[in-house]
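# Report on the structure
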Amino acid sequence: MQMPDGLPAEIDLSRPSAARVYDYFLGGAHNFEIDRQLAEQIAGMTPNLAATMRAGREFLRRAVRTLLDAGIDQFLDIGSGIPTVGNVHEVAQTANPKARVVYVDIDPVAVAHSRELLAGDELTGVIHGDLREPERILAAARDLGLLDFSRPLGILLAGVVHFVRDTDRPGEILATLRAAAAPGSHLVVSHSTFEDQPQEMLDAQRLSARTDTEITLRSRAEVTSFFGDWTLLEPGVVHMPLWRPDSPSDVDEHPERFGAFGGVARYDQPTA
């Protein structure tokens, strides 16, 4: 198979990629036929899935703006996918032109496209990394020199922790990331759930097993545990559209239909 320009030859285009499927649902252009076929199959089972993807992106944007209002000017976005229109660096740098962002993704295609799209942007960096190896991600982020871990940091885990199986101990992974952050840092998590979901949504989630990144659905309590002892911001861990909507009209009668919880927490200065 001939490789598109700018992509390394070792990329396997014979399997769909979760990052590229996500890009397709968001209306991006960085996906291939194999990804579109899987996306259309999933969409046939769950017609509102594209809206679910967009709801996740809107939650992330609202969370980033909240962090900016709290004075956060540096972000570690793990599981970033392909940075299309309205991604973290655009939201952050619109409010603060000096904001710095480091993107991390496991998908080599997402990383290759990210580096191509962000070439020349001295305030952003891209790391090829696996969330299951948080120490490596933290070391690589420090090596880039863009983030100062002695200052408050925004750690973004939007739609990625559900790709970590229980056997890989996601709670310990999140604890490692939290331990690396300075007081005043914030953690953003959105995560797919089985709670309040119809059977067709659960069936569609099982199709993720065809990609390299199978999804593990978790409860609200499990998602809440990922924040550890950090202080949850209001309204807590809720269905994504309910987390600080821009307008009450943005929330329909069934916010649970998007199939994911979202939450943001702050690391307060430990007391002596």
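Read on for a plain summary of the structure. Residue indices begin from 1 for each chain and proceed along its sequence in written order. Confidence filtering applies because this is a predicted model: local features only for residues at pLDDT of at least 70, side-chain atom pairs given and counted only at 80 or more, and all residues used for totals across whole chains, interfaces and linings. Calculated side-chain values reflect all of the structure's heavy atoms, with hydrogen atoms and water omitted.

### Some thoughts on the environment of Gly 184
What counts, and what does not: Helix and strand definitions here come from DSSP, where helices need a minimum of 4 consecutive H or I residues and strands a minimum of 2 consecutive E residues; each element is numbered from the N-terminal end. We call a residue buried when its accessible area falls under 20% of the maximum for its residue type, exposed when it is over 50%, and partly exposed in between, using a 1.4 Å probe and counting protein chains only. Here, two residues are considered to be in contact whenever any of their heavy atoms come within 4.5 Å of each other.
Position of Gly 184 among the secondary structure elements: in the loop between α7 (170–179) and β5 (186–192). By relative accessible area, Gly 184 is classed as partly exposed at 25%. In contact with Gly 184, other than residues within four places in its own chain, are Ile 72, Pro 152 and Tyr 267.

### What to know about the packing of aromatic side chains
Heads up, the condition is: Ring geometry is summarised as follows: Phe, Tyr and Trp rings, the Trp one being its six-membered ring, pair when their centres sit within 6.5 Å, and such pairs are stacked at plane angles under 30 degrees, edge-to-face over 60 and tilted between the two.
The full count for this structure, using the stated rule, is three aromatic pairs. On the numbers, 5.8 Å between centres and 85° between planes, the contact of Phe 59 with Trp 243 is edge-to-face. Here the residue Phe 59 occupies a position in helix α3 (residues 49–69), and Trp 243 occupies one in the loop between β7 (238–239) and β8 (260–266), the gap between them amounting to 184 residues. Overall, the relative accessible area of 0% leaves Phe 59 in the buried class. Geometrically, the ring pair formed by Trp 230 and Tyr 267 is stacked, given 5.2 Å between the ring centres and 10° between the ring planes. Residue Trp 230 is located in the loop between α9 (220–225) and β6 (231–232), and its partner Tyr 267 is located in the segment after β8; the two are separated by 37 residues in the primary sequence. Here Trp 230 falls in the buried class, since its relative accessible area comes to 7%.

### Notes on the layout of surface pockets
This is how it is decided: A 1.4 Å probe that fits into a set of points on a 1 Å grid over the protein atoms alone but cannot get out defines a cavity; an open set with protein on both sides within 12 Å along at least five of seven lines defines a pocket, and lining residues are those with an atom within 4 Å of a point. Grid points are joined across faces, edges and corners, and a volume is the space filled by probe spheres set on the points. Only Asp, Glu, Lys and Arg are considered charged in this grouping, and only Ala, Val, Leu, Ile, Met, Phe, Trp, Tyr, Cys and Pro are considered nonpolar; every other residue, Gly among them, is considered polar.
Quantified by volume, the second largest pocket comes out at close to 170 Å³. Lining the second largest pocket are Ala 55, Glu 58, Arg 62, Met 240, Pro 241, Pro 245, Asp 246, Asp 250, Val 251, Asp 252 and Phe 258. Considering only residue class, the lining of the second largest pocket consists of six nonpolar, no polar and five charged.

### As for α3
Short version of the rule: A helix's residues, less one, multiplied by 1.5 Å, set its expected span.
For α3, with 21 residues, the first-to-last C-alpha span of 30 Å sits near the 30 Å given by 1.5 Å per residue. One or two steps after α3, the chain reaches Gly 71, where phi turns positive at roughly 95°.

### Describing the side chain of His 186
Its place among the elements puts His 186 in strand β5. Dropping the residues within four chain positions of it, His 186 is found in contact with Leu 67, Ala 70, Ile 72, Leu 153, Gly 154, Ile 155, Trp 230, Leu 233, Val 264, Ala 265 and Arg 266.

### Things to note about the packing of α3 against helix α4 (residues 88–95)
Here is the rule: A fitted line through C-alpha atoms represents every axis, and for helices the fit uses only the stretch in contact; the resulting angles, taken between N-to-C directions, go from 0 to 180 degrees. In a left-handed crossing the near helix is turned counterclockwise from the far helix by less than a right angle, and in a right-handed crossing that turn is clockwise.
The interhelical angle for the contact between α3 and α4, taken along N-to-C directions, is 35°, at an axis separation of 10 Å. Judged by the twist between their axes, the crossing of α3 over α4 is right-handed. Here Leu 60, Arg 61, Val 64, Arg 65 and Leu 68 of α3 lie close against α4, whose contacting residues are Val 88, Val 91, Ala 92 and Ala 95. Its residues placed into classes, the contact of α3 with α4 shows seven nonpolar, no polar and two charged.

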